Amino acid sequence: QVQLVESGGGLVQAGGSLRLSCAASGDIGRIDVRGWYRQAPGKQRELVATMAWGGLANYADSVKGRFTISRDNAKKMVYLAMNSLKPEDTAVYYCNAHDIFSYGMSYWGKGTLVTVSS
């Protein structure tokens, strides 16, 4: 059993910053915590940023230059520093992990809400 818990969301004005964290618990030896997705009201869930074990990062075009992903491999944690936030960044942000023993299996947290006011 694996649990992912996101934290750090909240209400911020446009131009502000937030830092999200994702902590894993349970059978963390079987997971690779990879990154962040988000889902805005009425829209599909979309990739925000992922980071591979070796540190190679991938960002959505909409957040490049504003968001920075980082991870702590030992603690199985992943972070997302979000700067210059825009109202269109408003969404529920979800942490994602892959199961390293079961191909195709993913785990998700319950999400943390980020609201950016204009």
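S.K.: A description of the pairing of strand S4 (residues 31-39) should follow, citing residues and the corresponding values.
M.R.: Strand residues, when the strand is regular, have side chains that alternate between the two faces of the sheet. When you tally the buried positions in S4, you get 7 out of 9 residues, the bulk of the element. In terms of strand pairing, S4 meets strand S9 (residues 91-99) through 8 bridges, oriented antiparallel. Of the residues in S9, the one forming a bridge with Gln39 is Val92. Bridge analysis of S4 against strand S5 (residues 46-51) gives 4 bridges, and the strand direction is antiparallel. Looking across to S5, one finds that Trp36 is bridged to Ala49.

S.K.: Just give me the short version of the nonpolar core, but keep the residues and values in it.
M.R.: Note on soluble globular proteins: their nonpolar side chains tend to be buried together. The biggest cluster of nonpolar side chains holds 30 residues, and the ones touching the most others in it are Leu4, Val33, Trp36, Leu80, Met82 and Tyr93. Among the secondary structure elements, those contributing two or more residues to this core are strand S1 (2-7), strand S3 (18-26), S4, S5, strand S7 (67-72), strand S8 (77-82), S9 and strand S11 (112-117). If we skip the residues at most four places from it in the chain, Leu80 touches Leu18, Arg19, Leu20, Trp36, Val48, Ala49, Phe67, Thr68, Ile69 and Tyr93.

S.K.: A description of the environment of Ala40 should follow, citing residues and the corresponding values.
M.R.: Structurally, the position occupied by Ala40 is in the loop between S4 and S5. Along the backbone, Ala40 and Tyr93 are 53 residues apart, and their C-alpha atoms lie at a distance of 8.8 Å. Residue contacts for Ala40: discarding those within four places in its chain leaves Thr90 and Ala91.

Calculation criteria
Residues numbered from 1 in each chain as written. Predicted model: local features only at pLDDT ≥ 70, side-chain atom pairs only at ≥ 80, totals over all residues. Heavy atoms only, no water. Buried < 20%, exposed > 50% of the residue type's maximum accessible area, 1.4 Å probe, protein only. Helix = DSSP H or I, 4+ residues; strand = E, 2+ residues; numbered from the N terminus. Pairing = 2+ DSSP bridges. Core = buried A, V, L, I, M, F, W, Y, C linked by side-chain atoms within 4.5 Å. Contact = heavy atoms within 4.5 Å.

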